[in-house]
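So you can see what is in the structure, the chains are spelled out below.
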Amino acid sequence: YIYRGIVAHCLRALDVLAQQPEISPDRLMVGGMSQGGGLALVTAALSPHVRRCLADMPWLSALDLALSLLDRAKYQKTKAARYPDARGLIADYAEAHPDRAAQVYQTYRYFDPLSHAQDITCPTQVSAGGRDPSCKPPTIYAVYNELRCEKEMLYLPQTGHEIVPAMHEAHLRWVQGV
């Protein structure tokens, strides 16, 4: 639910930036890693100001698929264990409150980049780490495959959930080439 405010702030920031005389509105881009990557995708879909999007290992992607890939039972056995993907907490909450489960998932999906992928029109670069325990590549590819814009995937098979120099290099080449 907090994402409503976060996304609203992202959209408002772009509105303000686009109106500044020292800013070239045709060069505005959004980007982020993990939660920021997911927010960059949603913002790119909702804002007419975004000209390019960089989404590294976007976290909010493909809830149903993410939950199917998470062995929740393994982490529920002990209170000391933490989910590598906090979306497991969403499923736990929905199970504990079955009367609210449908609303919980409906609200989440509003902020899932998969729900917005077809509305992204700007060139978009997405990355995925092959060893990422929280933003698993299939969830990222689910979003990537729905993009109808000019797009590029940066797959890093040996990378976990981390920023690596190859990402920065790819961003620079891609932005300069677009």
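Structure first, text after, so check above.
Residues numbered from 1 in each chain as written. Predicted model: local features only at pLDDT ≥ 70, side-chain atom pairs only at ≥ 80, totals over all residues. Heavy atoms only, no water.

Some points on the side chain of serine 134
Worth spelling out the cut-off: Where helices and strands are cited, they refer to DSSP runs of H or I of at least four residues and of E of at least two residues respectively, numbered from the N terminus. Distance and chemistry together define a polar contact, namely a pair of N or O atoms within 3.5 Å, with one atom able to donate a hydrogen and the other to accept it when in protein, and with adjacent residues in sequence counting only for side-chain atoms on both sides. Here, two residues are considered to be in contact whenever any of their heavy atoms come within 4.5 Å of each other.
Secondary-structure assignment places serine 134 in the loop between strand 3 (124-129) and helix 8 (137-146). Within the local environment of serine 134, its side chain forms a polar contact with the side chain of histidine 161, the two groups lying 3.5 Å apart. Once residues lying within four places of it in the same chain are set aside, the contact partners of serine 134 are Trp59, Pro84, Asp85, Arg87 and His161.

Re the pattern of salt bridges
Applicable threshold: One speaks of a salt bridge when a side-chain nitrogen belonging to Lys or Arg is within 4 Å of a carboxyl oxygen belonging to Asp or Glu.
Per the stated rule, a full pass over the model turns up four salt bridges. Between arginine 72 and aspartate 92 there is a salt bridge, with the nearest N and O atoms lying 2.7 Å from each other. Placement of the pair is arginine 72 in helix 4 (residues 72-76) and aspartate 92 in helix 5 (residues 87-96), with a sequence separation of 20 residues.

Remarks on the pairing of strand 3
Worth spelling out the cut-off: Accessibility here uses a 1.4 Å probe with only protein chains present; expressed as a share of the type maximum, an area under 20% marks a residue as buried, one over 50% as exposed, and anything in between as partly exposed. DSSP bridges decide pairing: two strands pair if at least two such bridges lie between them.
For strand 3, a buried count of six out of six residues is recorded, marking the element as mostly surrounded by other parts of the structure. With burial as the criterion, each face of strand 3 is covered, one bearing Thr124, Val126 and Ala128 and the other bearing Gln125, Ser127 and Gly129. Examined bridge by bridge, strand 2 (residues 52-56) and strand 3 share four bridges and lie parallel to one another. Bridge assignment links leucine 54 to a residue of strand 3, and that residue is glutamine 125. Note that strand 3 and strand 4 (residues 151-156) share six bridges and pair parallel. If you follow glutamine 125 over to strand 4, its bridge partner there is glutamate 152.

Observations regarding the packing of aromatic side chains
We apply this condition: What counts as a ring pair is set by centres within 6.5 Å for rings of Phe, Tyr and Trp (its six-membered ring), and what kind of pair is set by the plane angle: stacked under 30 degrees, edge-to-face over 60, tilted for all other angles.
Evaluated as defined, the whole model comprises four aromatic pairs. Arranged with centres 4.9 Å apart and planes meeting at 85°, the rings of tyrosine 110 and phenylalanine 111 form a pair that is edge-to-face. Considering the side-chain rings of tyrosine 141 and tyrosine 144, the 6.2 Å spacing of their centres and the 80° angle between planes classify their relative orientation as edge-to-face. Of this pair, tyrosine 141 and tyrosine 144 both sit in helix 8, three residues apart, which is roughly one turn of the helix. Exposure remark for tyrosine 141: the relative accessible area of 27% places this residue in the partly exposed category. Residue class for tyrosine 144 comes out buried when judged on its relative accessible area of 13%. Pairwise contacts between aromatic rings join Tyr3, Tyr110 and Phe111 into one cluster.

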